[in-house]
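Chain by chain, the residues run as shown.
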Amino acid sequence: MNAVRKRDLLSLLGCVALYAVIQGLIMVDILGPFWQLNIVLICINIILAVSLNLINGFTGQFSIGHAGFMAVGAYLGAVMTVKLHLPFIVAIIAAAAAAGLLGFIIGLPTLRLSGDYLAIATLGLGEIIRITILNISYVGGASGFMGIPRYTTFTWAFFLMILTIFVIKNLINSSHGRACISVRENEIAAEAMGVDTTRYKVMAFTIGAAFAGIAGSLFSHYFYIAHPASFTFMRSFDILTMVVLGGLGSITGSITGALLLTFISAVLASYPEWRMVIYSLMLIVLMLYRPQGLLGNHEISLAIFKRLMGGVKSGNAQNK
Amino acid sequence: MTRKWKSLIGIMLIGIMIAVVTAGCGGTKPQAKEILIGGNFEMTGGIANFGQSTANGVKLAFKEINSKGGIQGKQLKLVVADNKSEPSEAANAITKLITQDKVVAVLGPVASSNVLATVQIGKDNKTPILTATATNPKVTVGDDGKVREYVFRACFIDPFQGTVMANFAAKSLKAKTAAVYVDNSSDYSKGLAEIFEASFIKNGGKIVATEAFLQKDQDFKAALTKMKATNPDVIFIPAYYQEVGLIVKQARELGMNMPLLGTDGWDSPKLVEIAGAASLNNGFFSNHYSPEDKDPRIQKFVADYKKEYNQVPDALAALGYDAGLMIIDALKRANSTEPAKIKEALANTKNLQVVTGILTLDSKHNPVKSAAVIEMKNGKQLFKEKVNP
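What follows concerns helix H6 (residues 158-172) of chain B. All names here are of chain B. Its 15 residues give H6 an end-to-end C-alpha distance of 21 Å, which sits within 8% of 21 Å, the value for a rise of 1.5 Å per residue. Restricting attention to buried positions, one finds in H6 the residues Asp 158, Pro 159, Phe 160, Gln 161, Gly 162, Val 164, Met 165, Ala 166, Asn 167, Phe 168, Ala 169 and Ala 170. Tucked into the core, H6 has its buried residues touching helix H7 (187-202), strand S8 (234-236), strand S9 (260-262), strand S10 (283-287), strand S14 (371-377) and strand S15 (380-387). After H6 finishes, the residue Lys 174 shows a positive phi value of roughly 55°.

What follows covers the nonpolar core. Burial of nonpolar side chains together is a common tendency in soluble globular proteins. If you look at the biggest cluster of nonpolar residues, it comprises 112 residues, and the most contacted ones within it are A:Phe145, A:Phe154, A:Met161 and A:Leu218. Ranked by residue count, the leading element in this core is helix H2 (residues 33-58) of chain A, at 18 residues. Other than its neighbours up to four places away in sequence, A:Phe145 contacts A:Tyr75, A:Ala78, A:Val79, A:Val82, A:Lys83, A:Val139, A:Tyr224, A:Ile225 and A:Ala226. One finds B:Leu78, B:Cys155, B:Phe301 and B:Leu331 within the second-largest nonpolar core, a separate group that totals 49 residues.

Let us look at the pattern of salt bridges. Residue and element names in this part refer to chain B. Going through the model one piece at a time under the given rule, you end up with 17 salt bridges over all chains. Of the charged contacts in the structure, one is a salt bridge between Lys 226 and Glu 211, with a shortest N-O distance of 3.9 Å. Of this pair, Lys 226 sits in helix H8 (residues 221-230) while Glu 211 sits in strand S7 (residues 206-213), and the two are 15 residues apart along the sequence. For Lys 221, the salt bridge goes to Glu 253, with nearest N and O atoms at 3.1 Å. Within this pair, whereas Lys 221 is found in helix H8, its partner Glu 253 is found in helix H9 (residues 241-253), the two being separated by 32 residues in sequence. One connected set of salt bridges, linked through shared partners, spans Glu 149, Lys 343 and Glu 344.

Bringing the confidence of the model for chain B into the picture now. On average, residues of chain B carry a pLDDT of 87, and 92% of them reach 70 or more. Throughout residues 21-27 of chain B the model reports pLDDT below 50, and contacts reaching past four residues in sequence, or to other chains, amount to nine contacts.

A separate point is the state of the cysteines. All names here are of chain A. Taken as a whole and assessed by the stated rule, the structure comprises zero disulfides over all chains. Of all cysteine sulfurs in the structure, the one in Cys 43 sits closest to Cys 15, which takes part in no disulfide; the separation is 11 Å. Assessed through its relative accessible area of 22%, Cys 15 is described here as partly exposed.

Residues and elements named next belong to chain B. As paired strands, S14 and S15 are joined by seven bridges and run antiparallel to one another. Pairing of Met 376 across the sheet is with Gln 381, part of S15. Adjacent in sequence and paired antiparallel, S14 and S15 are bridged by two residues, among which Asn 378 carries a positive phi angle near 50°.

So, about the domain arrangement of chain B. All names here are of chain B. Once the domains are mapped, chain B shows domain 1 (34-156 + 296-370) and domain 2 (159-287). One C-alpha centre belongs to domain 1, the other to domain 2, and the line joining them spans 31 Å. The partner domain 2 presents four residues to the four residues of domain 1 that form the contact. Across the domain 1 to domain 2 interface the summed buried area is about 430 Å²; carbon plus sulfur atoms make up 77%. At the boundary of domain 1 and domain 2, one finds zero salt bridges. Our count for the contact surface shared by domain 1 and domain 2 stands at zero residue pairs in polar contact (both at pLDDT 80 or more). By residue class, the composition of the side of domain 1 that touches domain 2 is three nonpolar, no polar and one charged.

Residue and element names in this part refer to chain B. Positionally, Ile 235 belongs in strand S8. Taking the C-alpha atoms as reference points, Ile 235 and Ala 166, 69 residues apart in sequence, are found 11 Å from one another. Excluding residues that lie within four positions of it along the chain, Ile 235 makes contacts with Ala 179, Tyr 181, Met 227, Met 256, Met 258, Pro 259, Leu 260 and Leu 261.

Next up on the list: the packing of helix H4 (residues 88-110) of chain A against helix H9 (residues 197-220) of chain A. Residue and element names in this part refer to chain A. At their nearest, the axes of H4 and H9 sit 7 Å apart, and the two run at 145° to each other. As H4 packs across H9, the resulting crossing turns out to be right-handed. Judged by residue contacts, Phe 88, Ile 92, Ala 95, Ala 96, Ala 99, Gly 100, Gly 103, Phe 104, Ile 106, Gly 107 and Leu 108 of H4 engage Val 202, Phe 205, Thr 206, Ala 209, Ala 210, Gly 213, Ile 214, Ser 217 and Leu 218 from H9. Here the contact of H4 with H9 is built from residues that sort into 14 nonpolar, six polar and no charged.

Omega for the bond connecting B:Gly108 with B:Pro109 falls within 30 degrees of zero, at -10°, which places this linkage in the cis form. With a phi angle near 55°, A:His85 is a residue other than glycine that sits in the positive phi range. Residue position: A:His85 is located in the loop between helix H3 (66-83) and H4. Even without being a glycine, B:Lys102 presents a positive backbone phi close to 55°. Here B:Lys102 lies in the loop between helix H3 (87-100) and strand S3 (105-107).

All names here are of chain A. Entries for chain A in the domain assignment read domain 1 (1-31) and domain 2 (32-310). Taking only C-alpha atoms, the centre of domain 1 and the centre of domain 2 are 23 Å apart. Opposite the 10 residues of domain 1 that make contact, domain 2 presents 12 residues. Summed over the three residues of domain 1 that lose the most area to domain 2, namely Tyr 19, Ile 26 and Leu 31, the buried surface amounts to 51% of that side. Where domain 1 packs against domain 2, one counts zero salt bridges. Counting every contact that joins domain 1 to domain 2 gives two residue pairs in polar contact (both at pLDDT 80 or more).

A separate point is the packing of aromatic side chains. Here the structure, examined in full by the defined rule, presents 28 aromatic pairs over all chains. Between the aromatic rings of B:Tyr181 and B:Phe220, the centroid separation amounts to 6.2 Å while the plane-to-plane angle is 90°, which identifies the pairing as edge-to-face. Residue B:Tyr181 is located in strand S6 (residues 177-183), and its partner B:Phe220 is located in the loop between S7 and H8; the two are separated by 39 residues in the primary sequence. Overall, the relative accessible area of 1% leaves B:Phe220 in the buried class. Among the aromatic residues, those joined into a ring-pair cluster are A:Tyr75, A:Phe145, A:Phe219, A:Tyr222, A:Phe223 and A:Phe231. If you follow A:Arg150 out to its NZ or CZ, it ends over the ring of A:Tyr222, 3.9 Å from the centre. Between A:Arg199 and the ring centre of A:Tyr200, over which it is positioned, the NZ or CZ distance is 5.2 Å.

The rules we used
- Residues numbered from 1 in each chain as written.
- Chains lettered and ligands numbered in written order.
- Predicted model: local features only at pLDDT ≥ 70, side-chain atom pairs only at ≥ 80, totals over all residues.
- Heavy atoms only, no water.
- Helix = DSSP H or I, 4+ residues; strand = E, 2+ residues; numbered from the N terminus.
- Expected span 1.5 Å × (residues − 1).
- Buried < 20%, exposed > 50% of the residue type's maximum accessible area, 1.4 Å probe, protein only.
- Contact = heavy atoms within 4.5 Å.
- Core = buried A, V, L, I, M, F, W, Y, C linked by side-chain atoms within 4.5 Å.
- Salt bridge = Lys/Arg side-chain N within 4 Å of Asp/Glu carboxyl O.
- pLDDT = per-residue confidence, 0-100.
- Disulfide = S-S within 2.5 Å.
- Pairing = 2+ DSSP bridges.
- Domains from an automatic or database assignment.
- Buried area = accessible area lost by both parts, 1.4 Å probe.
- Polar contact = N/O pair within 3.5 Å; in protein donor to acceptor, adjacent residues only side chain to side chain.
- Nonpolar A, V, L, I, M, F, W, Y, C, P; charged D, E, K, R; others polar.
- Axes fitted to C-alpha atoms, helices over the stretch in contact; angles between N-to-C directions.
- Left-handed = near helix turned anticlockwise from the far one by under 90°.
- Phe/Tyr/Trp six-rings, centres within 6.5 Å; stacked < 30°, edge-to-face > 60°.
- Lys NZ or Arg CZ within 6 Å of the ring centre and 35° of its normal.

Printed below as a string of structure tokens:
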């Protein structure tokens, strides 16, 4: 067994151990319902942040329509379980497929745009999806889709989160992923080297959208209701903030960002007057001192700590 | 600055954040002399002004009872959690209030969709939820037609206003024929129109025309001309102020001078801006209450509220205050702070004098109480009369 495989196996074991610990704490009631809810929310946000990072961080396509894909997943998943009485797993797969398909269809024309134009186009798309849902009375229209059973458990959320991270991490380390990164670094050079840039952009967009769909179906099956108000562009910005805060182009960064922001938002719920002030102050301070995000484009690994402690300069602690 | 330093600062920042955040983790510890009531309100986000008004009303009610010595020697304390005007955050907020802060009952949220996201959590934790303002009938009655045991409200439901306006048209305005102009893109409007038609016919009236429009429409003259031909005594327009403003204006331009009736969707200063003060004369709409009402109870409330917050209380503030009174009344009768007993007491609320009327909860946990009919005169809202159910 080669070294990379061994490390993967080790991290997988680590994940199972983490799952066992949290699940144990939930079982013995040390983590009450409030923290359970927020842990599930953290898992969902990590899926969203990591999948958006694939589009924004690794492929360098500035998309802010993630809430739209999440909405598609949320509503389609709910239709599957509530109206068609299908099992939850089918709902999740359908949600991923639908969001992915939509991402593909939308990605083809819009990804010809770049920079600000792409951002505006994706923002508009997110809103179009939301307004469309708002006008479909089959899914409740403006009053939202009610009566969704709570199928999402910590187990579902956790393992789908691990799946997301695993798939996206391996994708980035594959030749496809390298192609995506080359598009980010220099599109013209990439094209000159024979990389089919449109294909890789659309691929990243489709995969990112599919995982957002998964997150959406987890979301609607946890909160009993899918409501258009949950999928406004503010949600897209929330996800984007997590990605940028953690560092564009760092999976562990996105995980940290999602974890930190969800946690802060949960704790500050007691201080509604101060929540937005503290939240924005933290972001400003962070952006002043770490404009590249908490982790920049590095990944957390033991190497970073080694460098800090022993001062062994390895130049770039890239661990990809 | 070297890389190392930058990294260190980054890590320190994370450390500080976590320290700040965990410092606030303790939640609110209940004191022996306090009863904690949760407030799950829209303090930020799209409808923050509604959430804040309601919370202010509740706080005023609690302040008054506390200055009188509280309930059984215990002070009432409202623990507010922000739900950012969003259903999933509402679920988050109520979970926090019940499991972290250990409140005995939860007031709010304002919007029906946000309440619906919390009902299951209230049921799972056996904690009563009392919303001051959610008017959707589904809030207290589930899809299976069963009443939700733990959910109550302090306001009348949407269809009730249809009955109120039908009675007002038939009895006070002596109307024999009516036309209905409905917003087809809103559940609220369609529900109201149906109820109005049924009640108006029951009162011996006749519906001579029904026309429909969609939100954001600009030109209503075609439909209005059709209605004019049938010459109705009144026109009922259950919709929101934006379209209503244009409809009223265009109807008057066509020389239709009959009374125009509406519902609480009319309640906005924007209505006068859009329609013009003169067009709105002979316009009436139902609302939860009117600050112009000469009832001494209402005048005292308006004065107290003004003193506390320096503004005239809107309908939401009045309903928030009423919800506060309801929970106080329930706590007194339950003589206990156990959520199950509070729930029983809330369900048995009878003939409670609140600001917006005398309130009795029916078997579906909806209040039976009067509505105020407001007349528009030269751009001002005048209190016309109270209509009892």
